[in-house]
Amino acid sequence: MRPARVVAALTGPCVATFELGVATQVFGLDRTDDGFAATEFLLCGPRRGPVATTSGFAVHVPHGLDALERADLVVVPGWPALDDPLPRGVGPALRRAVERGADVLTICSGAFAPAAAGLLDGRRAATHWQFADRFARRFPRVLLQRDVLYAEDGPFVTSAGAAAGIDACLHVVRRDRGAAVANALARRMVTAAHRPGGQAQFVDRAVPAEPSDALAGVLDRMRRDLAADLTVEELARGALLSPRTFARRFRAATGTTPHRWLVEERLRRAEELLERTDLTVDVVARRCGMGTADALRRQFTARRGVGPAAYRRGFRAVDPPRRDGG
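Comments concerning the overall build of the protein chain
- Along the backbone of the protein chain there are 13 helices and 11 strands.
- Classification of the 326 residues of the protein chain by burial places 48% in the buried group.
- Here the analysis covers contacts within the protein chain between residues at least 6 apart in sequence; of these, 65% occur between residues at least 24 apart.
- In the form shown here, the protein chain has an accessible surface area of approximately 15600 Å², with 50% of it arising from carbon and sulfur atoms.

Description of the sheet that holds strand β4 (residues 49-53)
- The strand order across the open sheet built from 3 strands is β2-β4-β5, with neighbouring strands paired in mixed fashion. Each edge of the sheet is formed by a strand with only one pairing partner; in this case those strands are β2 (14-15) and β5 (58-61).

Digging into helix α9 (residues 243-254)
- Between its terminal C-alpha atoms α9 stretches 16 Å, which fits the 16 Å expected from 12 residues at 1.5 Å a residue.
- Within α9 the residues assigned to the buried category are Thr245, Phe246, Phe250, Ala253 and Thr254. In a view along the axis of α9, the buried residues occupy a sector of 135°, so they form one face of it. In α9, the exposed positions angled more than 90 degrees off the buried face are occupied by Arg244 and Arg248.

Some points on unusual backbone geometry
- Non-glycine residue Cys108 carries a positive phi angle of around 55°.
- Assignment of secondary structure puts Cys108 in the loop between β7 (103-107) and α3 (112-116).
- Here Leu240, not a glycine, exhibits a phi torsion of approximately 60°, which is positive.
- Structurally, the position occupied by Leu240 is in the loop between α8 (232-238) and α9.
- Residue classification places Leu240 among the exposed residues on the basis of a relative accessible area of 76%.

Cut-offs used in this document
Every chain is numbered on its own, with residues counted from 1 as its sequence reads. Owing to the predicted nature of the model, reporting of local features is limited to residues with pLDDT of at least 70; listing and counting of side-chain atom pairs is limited to 80 or more, with chain, interface and lining totals taken over all residues. The side-chain figures draw on all heavy atoms in the structure; neither hydrogens nor water molecules are used. For helices the rule is a DSSP run of H or I covering at least 4 residues; for strands it is a run of E covering at least 2, with both sets numbered from the N terminus onward. Burial classes follow relative accessibility: with a 1.4 Å probe on protein chains only, a residue under 20% of its type's maximum area counts as buried, one over 50% as exposed, and anything between as partly exposed. Any two residues whose heavy atoms approach within 4.5 Å are treated as being in contact. We get accessible surface area from the Shrake-Rupley algorithm with a probe of 1.4 Å; when it comes to residues, only the shown protein chains can shield them. Criterion used throughout: strands pair if DSSP finds at least two bridges between them. What a helix is expected to span follows from its residue count: subtract one and scale by 1.5 Å. To obtain the arc, one takes the directions from the helix axis to the C-beta atoms.

What follows is the structure in C-alpha cells.
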C-alpha cells in the first residue's frame, strides 16, 4: 500500500458520528506543523449537502461520488442502513476506485457497503460482533473473521467495533508511513499504537478488565525479558495466583493466552528492529526472543503474511537505520 495522500470518507443516507470522527481524527486534521505529511481529506457521498447522523444532527457533505475517482484511500465510517440496498452509484464508484488502485478501510458496520457491492466476496473481513450473524447471513461468500479487531485482505482493511476503527486506522498509517509515524500519531491521540487480542475480549462486556497490580507486574516482566522461557506456573507464582486462576485472569485482561501474548510482543519487537535497524534476521530473532531466524520466519509469515526480509523491504522506517537496535 502506498502512502495515502487523498483520503475520501464515504457517507450513505446516514453516517455514524463516532466512526466519522475516528476517520477525521486520523486522516482529516492538518498536522504538518508537527512534521506529519499532508493529506487531503474529502467527505463525500451519493448526495451533497446535509446528511443525517446517528446522533440526531446533520453534517455537511461537500463532495459527490466523483471524489472517489482520485482517492488513494476510501474510508467507510460506519453504515447504519445495514439491510438497505446501496444508494445508486455507490457500488460502481467503490468498484472503480478499487480497480484504479485505491485501498478501502471500513470502520464497524462500514464493511456492509463494500460487501453489498460484492467487493469482499472470497476475502477475509471483520465487522462488529453484534452485526456478525446478520453480516454472515447476508454475505455468505465473505470469509467473516469474528474474533479480530480488524482484518486485512488485499486492498481492504475492515475493522470491528467503533473503537477498533482506531486500531485499523493506525495499522494503515503504519503500513503507509512506518512505525515511527504511527507511534507518534498514537501518542498525539493518547491511544495505544497496537492492541493485542481480539473482539472476544469485548463481547458482553462494556470494557476489558484492568489487570491487577500483580498481573501488571507480570506483563512488565514478560516485556522486559522477551527471550525468557517462562511457564504459566512461574508466571502464576509471580502474580501470587494458582496457574488456573492466573490463566483465567490473564485472558480476561488481555483477551488471549500468555503464550500467544508473548509471541505477539516478540513479533512487535521484531517489527521495530526490522524497521529501524539494519541488524541481520538472526540477530533480530535473538533480540526479540524468537531464538533462531527460522523460528522468526515461521511465526512472522504465519501471523503477518510475509517473511521478515520482505517486511523490512516494505516497511522500512523513514529515519536512518540504527546498528545497535536501540
